[in-house]
Amino acid sequence: SQQGEEDPQALSIQEGENATMNCSYKTSINNLQWYRQNSGRGLVHLILIRSNEREKHSGRLRVTLDTSKKSSSLLITASRAADTASYFCATGAQGGSEKLVFGKGTKLTVNP
Amino acid sequence: KAGVTQTPRYLIKTRGQQVTLSCSPISGHRSVSWYQQTPGQGLQFLFEYFSETQRNKGNFPGRFSGRQFSNSRSEMNVSTLELGDSALYLCASSLGQTTDTQYFGPGTRLTVL
């Protein structure tokens, strides 16, 4: 299975601190995506990084991808209480025709 | 553009009944995927439709089925409901490739009593 696995399962930090979440996967990928889900709602796409990219930024988000280690990390800088959510990585297999596979997520709590 | 919409938002059914959930994708999106989310199993892929054809299928029993219409709207059906089918059912649309960015709807919360 190419399923991504996030680490840690849960993370609790103070407002203003940085939060780092990791994702590992098993097979070659076309791209890796990160999504956020607020409690009981739909997922929101955060960022997509392609297999030939190593790092990508979007606002306070920084994503890295290491295809040799089959891992990715999501860094949220200067966290806010509104960042409290579950974060999922999703991997797309090479070829782009297979299903996107989601990990079980990291539950981030940012305390004010 | 309007986002992905799902109806109904909440549903309560009893065991043995069947249910149909509806999803309207973002205009221009031709791929619609369905996911089941539960606390225990996380987010599990059900199936994906592209141009009215099922392109990918997850590991769910045949009680779970779906279809896509010519306007890209999609429905999923669950027959003979079981207690374990209680979950948040999420629909997502994308432009074309399965691995494109997925745009999710708010979900349908199904409770089976």
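Check the entry above for the structure.
Presented here is a report on the structure given in the accompanying data block. These numbers were taken from a predicted model, which means no experiment stands behind them.

**Brief notes about the overall build of chain A**
Okay, step 1: Along the backbone of chain A there are 0 helices and 11 strands.
Okay, step 2: Per-residue burial for chain A yields a buried fraction of 45% across its 112 residues.
Okay, step 3: Long-range contacts, defined here as pairs at least 24 residues apart, represent 56% of the contacts in chain A between residues at least 6 apart.
Okay, step 4: Looking at chain A as shown, the accessible area adds up to about 5400 Å², and 43% of this sits on carbon and sulfur atoms.
Okay, step 5: Side chains of chain A carry 14 positive and 10 negative charges; the gap between the two charge centres is 4 Å.

**Side note on the state of the cysteines**
By definition, a disulfide links the sulfur atoms of two cysteine residues through a covalent bond.
All names here are of chain B.
Okay, step 1: Under the criterion given, the structure shown has 2 disulfides over all chains.
Okay, step 2: Two residues, Cys23 and Cys91, share a disulfide whose sulfurs are 1.7 Å apart. The chirality of the disulfide connecting Cys23 with Cys91 is left-handed, given an S-S dihedral of about -50 degrees. Here Cys91 lies in strand β9 (residues 87-94) and Cys23 lies in strand β3 (residues 19-24), a separation of 68 residues in the sequence. Both residues of the pair, Cys23 and Cys91, count as buried.

**Some details on the side chain of Ser33 of chain B**
Okay, step 1: Along the polypeptide, Ser33 of chain B turns up in strand β4 (residues 31-38).
Okay, step 2: Not counting residues within four places of it along the chain, the set of residues in contact with Ser33 of chain B comprises Phe45, Phe47, Glu48, Leu90, Cys91, Ala92 and Gln102 of chain B.

**Side note on the pairing of strand β6 (residues 53-57) of chain B**
Residue and element names in this part refer to chain B.
Okay, step 1: With 4 bridges joining them, strand β5 (residues 42-50) and β6 adopt antiparallel strand pairing. Counterpart to Glu48 in the pairing with β6 is Asn56.
Okay, step 2: Adjacent in sequence and paired antiparallel, β5 and β6 are bridged by 2 residues, among which Ser51 carries a positive phi angle near 50 degrees.

**Some words on the interface of chain B and chain A**
Okay, step 1: Between chain B and chain A, the contact holds 22 residues from the first and 22 residues from the second.
Okay, step 2: Both faces considered, chain B and chain A share a buried interface measuring about 1600 Å² in area, 52% of it formed by carbon and sulfur atoms.
Okay, step 3: Linking chain B with chain A are 0 salt bridges.
Okay, step 4: Where chain B touches chain A, the interface holds 4 residue pairs in polar contact (both at pLDDT 80 or more).
Okay, step 5: For the side of chain B that touches chain A, the leading source of residues is β5 of chain B, giving 3 residues.
Okay, step 6: For the side of chain B that touches chain A, the residue count by class is 7 nonpolar, 12 polar and 3 charged.

**Overview of the packing of aromatic side chains**
Okay, step 1: The tally for this structure, following the rule as stated, stands at 8 aromatic pairs over all chains.
Okay, step 2: Plain terms: the ring middles of Phe102 of chain A and Tyr35 of chain B are 5.3 Å apart, the flat faces sit at 85 degrees to each other, and that makes the pair edge-to-face. Of the two residues, Phe102 of chain A is situated in strand β10 (residues 101-102) and Tyr35 of chain B in strand β4; the pairing between them involves two chains.
Okay, step 3: Residue class for Tyr35 of chain B comes out buried when judged on its relative accessible area of 1%.
Okay, step 4: When the centroid spacing of 5.7 Å and the interplanar angle of 70 degrees are considered together, the rings of Phe47 of chain B and Tyr49 of chain B count as edge-to-face. Tyr49 of chain B matches Phe47 of chain B in its accessibility class, with the two residues each being buried.
Okay, step 5: Ring pairing ties together the aromatic residues Tyr35 and Phe102 of chain A together with Tyr35, Phe45 and Phe104 of chain B, which thus form one cluster.
Okay, step 6: Geometry around Phe50 of chain B places Arg55 of chain B over its ring, the cationic atom sitting 4.4 Å from the centre.

Rules used in this analysis
- Residues numbered from 1 in each chain as written.
- Chains lettered and ligands numbered in written order.
- Predicted model: local features only at pLDDT ≥ 70, side-chain atom pairs only at ≥ 80, totals over all residues.
- Heavy atoms only, no water.
- Helix = DSSP H or I, 4+ residues; strand = E, 2+ residues; numbered from the N terminus.
- Buried < 20%, exposed > 50% of the residue type's maximum accessible area, 1.4 Å probe, protein only.
- Contact = heavy atoms within 4.5 Å.
- Areas by Shrake-Rupley, 256 points an atom, 1.4 Å probe, with all protein chains shown as cover.
- Lys, Arg positive; Asp, Glu negative; His and termini not counted.
- Charge placed at Lys NZ, Arg CZ, Asp CG, Glu CD.
- Disulfide = S-S within 2.5 Å.
- Pairing = 2+ DSSP bridges.
- Buried area = accessible area lost by both parts, 1.4 Å probe.
- Salt bridge = Lys/Arg side-chain N within 4 Å of Asp/Glu carboxyl O.
- Polar contact = N/O pair within 3.5 Å; in protein donor to acceptor, adjacent residues only side chain to side chain.
- Nonpolar A, V, L, I, M, F, W, Y, C, P; charged D, E, K, R; others polar.
- Phe/Tyr/Trp six-rings, centres within 6.5 Å; stacked < 30°, edge-to-face > 60°.
- Lys NZ or Arg CZ within 6 Å of the ring centre and 35° of its normal.

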